[in-house]
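# Per-entry structural report
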Amino acid sequence: MSYSRVKSYAKINLALNITGKTSKLHKIESVVGFATLHDVILIKKIQSKKHIISFKGKFSKNINQKNTISKLLEFLEKEKLLKSHKFEIKVNKYIPSKSGLGGGSMNAANILKYLIKENFINPSKKQLISICKSIGSDVALGLNSTFTILKSNNQIKEFKNCKKFYVLIVKPSFGCSTKEIYSGVKKFTKPRFNKPSKKMFSFDNLKKLDNSLEAISLSKFPKLKNIKHFLEKSSNKSFVRMTGSGSAIVAYFKSKKLCDDVKKKFSRKYKNCWCKVAKTI
């Protein structure tokens, strides 16, 4: 059997609010998009007693043996959904880790989507929700890589054919610990996205929003604050915002030329930072 090739796109929080907290997790609402930046997953069924999972590429270092993909396969076997099927999975990592771009969660989401599409598993809607929750809170968002509103009650509303933007994604040499950044949350905001509509994805509307976690990350890491300030100064007629809990900062543009110009300026100033021009999908 030959490998199937699956693209696993980077998730971007165009806006994010913390609306409360349960006993275990913070409650969030978010305006979500996906970028053309993606990991490449090769997957095939094999005759073996166990799954084989491997990672390569610039951002493959420090990925634990127990990762989102291994957790997904373990859960599917535990629930007796995978039967006796075993897979070899190779992931080429182009999405940086600890960046707020959801690389690991989107890997799991896209493998789950592949297994359903190819009829290796056939979970009910209730089982699908349970699978996603068992792996990570944002896995469900990756089942359809499209513009999405995550409401404060955890419901998801998807929108197609929204206006696309060019994005410059930058990440310093360090990452942000999601747990550590969320531990700095001291106040909550009232839900703002519970009546989702397509107009929420307009450039002008998005400019008015923010990311509640950004101030925490920027105060903890002064370099992030400097990076954002530089991008804002260089990015006329755009807006700049951290995605997720960081450490990636995203500048949004209507024009590819503007995006490319700012990338050149940024690369000259911050030679040790990773940066990538992409487009929302």
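Preceding this paragraph is the structure being described.
Note that the structure is predicted; figures quoted are calculated from it, not measured.

Structurally, E77 can be placed in helix α1 (residues 68-78). Filtering out sequence-adjacent residues up to four positions away, E77 remains in contact with H51, L82, H85 and K86.

By the secondary structure assignment, N211 is in the loop between α5 (203-207) and α6 (214-220). Polar side-chain contacts of N211 include one of 2.9 Å to the backbone nitrogen of L213. Among the polar contacts listed, one links the side chain of N211 to the backbone oxygen of G244, at a separation of 2.9 Å. Beyond its immediate chain neighbours, meaning those up to four positions away, N211 contacts L16, R241, M242, T243 and G244.

Quick look at helix α3 (residues 125-135) now. Within α3 the residues assigned to the buried category are I131, C132 and I135. The buried residues of α3 occupy one face: seen down the axis, they fall within an arc of 95 degrees. Exposed residues lying more than 90 degrees from the buried face of α3 are K126 and K133. Considering only its buried residues, α3 is in contact with α1 and α2 (103-117).

Within the secondary structure layout, K61 lies in the loop between β3 (52-56) and α1. The spacing of K61 and K93 is 32 residues in sequence and 9.4 Å in space, taken between C-alpha atoms.

What follows deals with helix α8 (residues 256-269). The end-to-end C-alpha separation of α8 is 20 Å, in line with the 20 Å expected for 14 residues at 1.5 Å each. Every buried residue of α8 is accounted for by C259, V262 and F266. Within α8, the buried residues cover an arc of 70 degrees as seen down the axis, which keeps them to one side. In α8, the exposed residues that point more than 90 degrees away from the buried face are K257, K264 and R268.

Next up on the list: the pattern of salt bridges. Scanning the entire structure with this criterion turns up 9 salt bridges. K220 serves as the salt-bridge partner of E180, at 2.7 Å between the closest nitrogen and oxygen. Of this pair, E180 sits in helix α4 (residues 178-182) while K220 is found in helix α6, placing the two residues 40 residues apart along the sequence. Given the relative accessible area of 41%, K220 is considered partly exposed. One network of salt bridges, in which partners are shared, links E214, K228 and E232.

When its volume is computed, the second largest pocket comes out at roughly 190 Å³. Lining of the second largest pocket is provided by I18, G184, V185, K186, K187, T189, D210, N211, S212, E214, A215 and I216. Looking at the lining of the second largest pocket residue by residue, the class counts come to 4 nonpolar, 4 polar and 4 charged.

A word on the sheet that holds strand β8 (residues 239-242). Strand order in the open sheet made by the 4 strands is β8-β9-β7-β10, with antiparallel pairing throughout. Edge strands, defined here as strands with exactly one partner in the open sheet, are β8 and β10 (274-279). Ignoring which end each strand starts from, the neighbouring axes of this sheet average 20 degrees apart. Bridging between strand β7 (residues 166-171) and strand β9 (residues 249-253) involves 5 bridges; their strand directions are antiparallel. Within β9, the position partnered with L168 by the bridge is A251.

Rules used throughout
- Residues numbered from 1 in each chain as written.
- Predicted model: local features only at pLDDT ≥ 70, side-chain atom pairs only at ≥ 80, totals over all residues.
- Heavy atoms only, no water.
- Helix = DSSP H or I, 4+ residues; strand = E, 2+ residues; numbered from the N terminus.
- Contact = heavy atoms within 4.5 Å.
- Polar contact = N/O pair within 3.5 Å; in protein donor to acceptor, adjacent residues only side chain to side chain.
- Buried < 20%, exposed > 50% of the residue type's maximum accessible area, 1.4 Å probe, protein only.
- Arc of directions from axis to C-beta.
- Expected span 1.5 Å × (residues − 1).
- Salt bridge = Lys/Arg side-chain N within 4 Å of Asp/Glu carboxyl O.
- 1 Å grid on protein atoms, 1.4 Å probe; cavity = no way out; pocket = protein on both sides within 12 Å on 5 of 7 lines; lining within 4 Å.
- Points joined across faces, edges and corners; volume = space filled by probe spheres on them.
- Nonpolar A, V, L, I, M, F, W, Y, C, P; charged D, E, K, R; others polar.
- Pairing = 2+ DSSP bridges.
- Axes fitted to C-alpha atoms, helices over the stretch in contact; angles between N-to-C directions.

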